[in-house]
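Structural characterization, general
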Amino acid sequence: MAATTMLKVDAIRADFPTLRREFHGKPVVYLDSGASSLKPLQVIRAEADFYENHYANVHRGIYQLSEEATDLFEAAREKVAKFVGARETRELILTRGTTESLNLLAYSLGEALSPGDEVVGTVMEHHSNQVPWQMLKRRRRTVLKHVGVDDEGYLKMDELDKLVTDRTKVVTVTHVSNVLGTVNPIKEIAKVAHDHGALCIVDGAQSTPHMAVDVKALGCDFFAFSGHKMCGPSGIGGLWGRAEILERMEPFLGGGDMIREVHLQESKWNELPYKFEAGTPNIAGTIGLGAAADYLSAVGMDWVARHDEELIAYGMKRLREQPGLRLLGPQDPKRHAGVLSFWLDFAHPHDIAQVMDTEAVCVRAGHHCAMPVNERFGVPATTRASVYLYNTQADLEAMVGAIEKVRRLFSR
Ligand SMILES: Cc1ncc(COP(=O)(O)O)c(C=O)c1O
């Protein structure tokens, strides 16, 4: 199987020490990067170097060690801001990840909403982009609407046009579905939102690791993402937002770095981005995330995207050849990124994942924290293989071999 990609996958694989592991006497085949990616040595070492040589709290000390820590921390913020195409570094708020970023938005934007104001989401959102808006609905009596998904896994854009009205304040949508792999037309969606005076929020958890992201070109107002899915550490991620909107918003959490002045009855908030960063931040995680942005930029995000697309096209072809297998999501690999979710009519996804584990193949089974989209397709769960820059066609062949083992064990 000749790889056609220009990505030097062998060299990349050497950067990821976890790929040296073996289970049951077989080399690990990691096909769960959609849940969390493996980490390259460059990221691991950046964190270790910070703890070994530069550790102190940031923004507070006037001694050299703290100044070094602050410089490393802010330099990392700058790298991450550039990685997503932010105009200004102050537009990049560091959070624990996509979930926290979306909760921040639902809370802080929600403070300005009134009963009857509308939020439009979609059926394919991750729970992180469903639940915060349901919580807001309870708090502020807002109205929540959802754009449906067609049989191939595309958003019904005609429904979007009808659901977004002049009462709509927020349109929130995932860039890439973590179950279907659908790549959504954000520019078009943002235009519909803006034509009605609404804000457009994008959940970038599954796109940021896999394609070059430029928030300016996307035309959205907010963009949320997680470090751990893009070669970075867990517990760190970001929220990009337009400065002029962030300036007007209420803070989310109180305390620590987010204040300028505190009095007994009231306080004044700090400037951006610190207004949204209460408490001691995940300093080492931020530095690790900066190293992940450097790593992916050095590889080249266009190459990563091309490599992913080739693997998705190959995986789709091989999975479609399997009798009794239903593959969810768009058929066009150009509009299908990162994940391959499927249902086998002779075994439950949990059994499939367990058999795959005996072959050292790591896949995910379940609803992938997106129950409404599973319901939409009439499946309680799926088996999901997700690919990344260190995967090869041989990894997908190992998965297909494991499916054949499942068939031998379960079909009768
Ligand atoms: C589309 C999507 N949104 C949000 C999340 C939540 O990300 P995190 O758990 O890093 O906050 C995920 C994680 O799987 C996801 O795939």
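Everything in this summary refers to the structure shown in the same document.

The 4 strands lie next to each other as 13-14-17-16, forming an open sheet whose pairing is antiparallel. A strand with exactly one partner marks an edge of an open sheet, and here the two such strands are strand 13 (325–327) and strand 16 (364–366). For this sheet, the mean inter-axis angle between neighbouring strands, taken without regard to orientation, is 30 degrees. Judged from the 3 bridges that link them, strand 16 and strand 17 (residues 382–386) form a sheet pairing that is antiparallel. Across the sheet, Arg364 pairs through a bridge with Arg384, a residue of strand 17. With respect to the sheet, helix 12 (residues 349–358) is in contact with strand 14 (339–344), strand 16 and strand 17, its orientation differing from that of strand 16 by roughly 160 degrees. Along the sheet, helix 14 (residues 393–410) contacts strand 13, strand 14 and strand 17; its crossing angle with strand 14, the most-contacted strand, is approximately 10 degrees.

On to the site of the ligand, then. Close contacts around the ligand come from Thr98, Thr99, His126, Ser128, Thr174, Asn178, Asp203, Ala205, Gln206, Ser226, His228 and Lys229, and that covers them all. At 2.5 Å from a nitrogen atom of the ligand is found a side-chain nitrogen or oxygen belonging to Asp203. Ser226 places a side-chain nitrogen or oxygen 2.7 Å from an oxygen atom of the ligand. Bound to the protein, the ligand loses 85% of the 400 Å² it would expose on its own. Because more than half of its atoms lie within 2 Å of the grid, the ligand is assigned to the largest pocket. Among the residues forming the shell around the ligand, the class breakdown is 1 nonpolar, 9 polar and 2 charged.

This part covers the packing of aromatic side chains. The full count for this structure, using the stated rule, is 8 aromatic pairs. Members of the aromatic cluster, joined through ring pairs, are Phe16, Tyr295, Tyr388 and Tyr390. The ring of Phe377 has Arg376 sitting right over it, with the charged end atom 4.6 Å from the ring centre.

Across its 18 residues, helix 14 extends 26 Å between first and last C-alpha, which sits within 8% of the 26 Å expected from 1.5 Å per residue. Those residues of helix 14 that fall on the buried side of the exposure criterion are Gln393, Asp395, Leu396, Met399, Val400, Ala402, Ile403, Val406 and Arg407.

So, on to the packing of helix 11 (residues 301–320) against helix 14. Orientation of helix 11 relative to helix 14, taken along the N-to-C sense of each, is 20 degrees, at an axis distance of 10 Å. As summarised for this structure, helix 11 and helix 14 are arranged roughly parallel, according to the angle between their axes. Relative to helix 14, helix 11 is oriented so that their crossing is right-handed. Counting all contacts with helix 11, which are made through Leu311, Tyr314, Gly315, Arg318 and Leu319, the residues of helix 14 involved are Gln393, Leu396, Glu397, Met399, Val400 and Ile403. Split into classes, the residues belonging to the contact of helix 11 with helix 14 amount to 7 nonpolar, 2 polar and 2 charged.

What follows deals with the sheet that holds strand 5 (residues 118–122). Reading across from one edge, 4-10-9-8-7-5-6 is the order of the 7 strands in this open sheet, with mixed pairing throughout. Sheet topology places strand 4 (92–95) and strand 6 (143–147) at the edges, where each strand pairs with a single neighbour. Recorded for the sheet is a direction-independent mean angle of 20 degrees between the axes of neighbouring strands. Sheet analysis places strand 9 (residues 222–226) next to strand 10 (residues 237–241), joined by 5 bridges and oriented antiparallel. Across the sheet, the residue bridging to Ala224 is Leu239, located in strand 10. Relative to the sheet, helix 5 (residues 131–140) contacts strand 5, strand 6, strand 7 (168–174) and strand 8 (199–203), its axis offset from that of strand 6 by approximately 150 degrees.

Rules and cut-offs
- Residues numbered from 1 in each chain as written.
- Predicted model: local features only at pLDDT ≥ 70, side-chain atom pairs only at ≥ 80, totals over all residues.
- Heavy atoms only, no water.
- Pairing = 2+ DSSP bridges.
- Helix = DSSP H or I, 4+ residues; strand = E, 2+ residues; numbered from the N terminus.
- Axes fitted to C-alpha atoms, helices over the stretch in contact; angles between N-to-C directions.
- Contact = heavy atoms within 4.5 Å.
- Near = heavy atom within 4 Å.
- Polar contact = N/O pair within 3.5 Å; in protein donor to acceptor, adjacent residues only side chain to side chain.
- Areas by Shrake-Rupley, 256 points an atom, 1.4 Å probe, with all protein chains shown as cover.
- 1 Å grid on protein atoms, 1.4 Å probe; cavity = no way out; pocket = protein on both sides within 12 Å on 5 of 7 lines; lining within 4 Å.
- Sits in = over half its atoms within 2 Å of the grid points.
- Nonpolar A, V, L, I, M, F, W, Y, C, P; charged D, E, K, R; others polar.
- Phe/Tyr/Trp six-rings, centres within 6.5 Å; stacked < 30°, edge-to-face > 60°.
- Lys NZ or Arg CZ within 6 Å of the ring centre and 35° of its normal.
- Expected span 1.5 Å × (residues − 1).
- Buried < 20%, exposed > 50% of the residue type's maximum accessible area, 1.4 Å probe, protein only.
- Parallel < 35°, antiparallel > 145°, perpendicular 65-115°, else oblique.
- Left-handed = near helix turned anticlockwise from the far one by under 90°.

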